[in-house]
Amino acid sequence: MGYIYNTLNIDRLRYLLKLKGMTERDFCKRLWGAETHRNFKYFAIKPDVKCSTLVRICSILNIPIDSLFTATDINGNIPSVVGNDNIVNSSVVGTDYRTVSENEALKMVIKEKDARIEDLKKINEQLSERINTLFKIGRFSDN
């Protein structure tokens, strides 16, 4: 996955301000303080902002940092799988899920599900056999 913007895009920021119903001046006052003389054009002059500024911007707008940048798939037609790096331990599928496409990952999940269903069917059959055996030897009655 890549990003279309590698610096703060002023048009994207304007769009997000509009979504939040905030004026550029109100935003600048909240970002730099009520007495600031800086205005929104600051981002056109210096679009490569510090991380601390990005965090303040996102806090003011109540948005995640990645919403300031537009993600793109650099691999062509293979969509990116965006997640929080959950660790998936599978006894059936031995492939690192981060190295596969979304379709392959879904197929692996289905394969894991099918294997678990088969295990549960076997356990169910074994329990049925044991219960039938107990009935046969007379420990339980049909009453």
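Scroll up to find the structure.
Everything numeric in this text was worked out from a predicted model, so none of it was measured. Along each chain, the written sequence defines residue order, and numbers are assigned to residues from 1. The predicted nature of this model means local features are confined to residues of pLDDT at least 70 and side-chain atom pairs, given and counted, to a pLDDT of 80 or more, with totals for whole chains, interfaces and linings taken over all residues. Side-chain metrics in this entry use all non-hydrogen atoms of the structure; hydrogen atoms and water are not considered.

Participant: Would you explain helix α5 (residues 102-137) in this entry?
Facilitator: Residues lying three or four places apart along an α-helix face the same way, a consequence of the helix completing one turn every 3.6 residues. A rise of 1.5 Å per residue sets the reference length of α5, with its 36 residues, at 52 Å; its end C-alpha atoms lie 53 Å apart and thus fit the reference within 8%. Among the residues making up α5, those that are buried are A105, M108 and E112. Just beyond α5, the residue with positive phi is G138, at close to 90°. Helix and strand definitions follow DSSP, with helices as H or I runs of at least four residues and strands as E runs of at least two, each counted in order from the N terminus. Expected span, for any helix, means 1.5 Å times one less than how many residues it has. The cut-offs for exposure are 20% and 50% of the maximum accessible area for each residue type, with area from a 1.4 Å probe on protein chains only; residues under the lower value are buried, those over the upper are exposed, and the others partly exposed.

Participant: Mind showing me how you'd approach the packing of aromatic side chains here?
Facilitator: Ring pairs (aromatic) are described by centroid distance and by the angle formed between their planes. Paired rings are identified among Phe, Tyr and Trp, the last through its six-membered ring, by centres lying within 6.5 Å, and are further divided according to the angle between planes into stacked (under 30 degrees), edge-to-face (over 60) and tilted (the rest). As enumerated under the stated definition, the model contains six aromatic pairs in all. Note on F27 and F43: the rings are 6.3 Å apart at their centroids and 45° apart in plane angle, and the pair reads as tilted. One end of the pair, F27, is in helix α2 (residues 24-32); the other, F43, is in helix α3 (residues 42-45), with 16 residues separating them in the sequence. Look at F27 and you get buried, because its relative accessible area is 0%. For F43, a relative accessible area of 1% corresponds to the buried category. Ring centres of F40 and F43 lie 5.7 Å apart, and the angle between their planes is 70°; on these two criteria the pair is classed as edge-to-face. Among the aromatic residues, those joined into a ring-pair cluster are F27, W32, F40, Y42 and F43.

Participant: Before we go on, may I ask you to explain the nonpolar core in this structure?
Facilitator: Burial of nonpolar side chains together is a common tendency in soluble globular proteins. Take the buried residues of types Ala, Val, Leu, Ile, Met, Phe, Trp, Tyr and Cys, join any two whose side-chain atoms come within 4.5 Å, and each joined set is a nonpolar core. L13, F27, F43, I57, L61 and L68 are the most contacted members of the largest nonpolar core, which totals 21 residues. Put simply, the parts of the chain that give this core at least two residues each are α1 (10-20), α2 and α4 (51-61). It is α4 that contributes the most residues to this core, five residues altogether.

Participant: What is the right way to read unusual backbone geometry from this model?
Facilitator: Here N62, not a glycine, exhibits a phi torsion of approximately 55°, which is positive. Along the chain, the position of N62 falls in the loop between α4 and β2 (71-72).

That is the geometry; function is a separate question.
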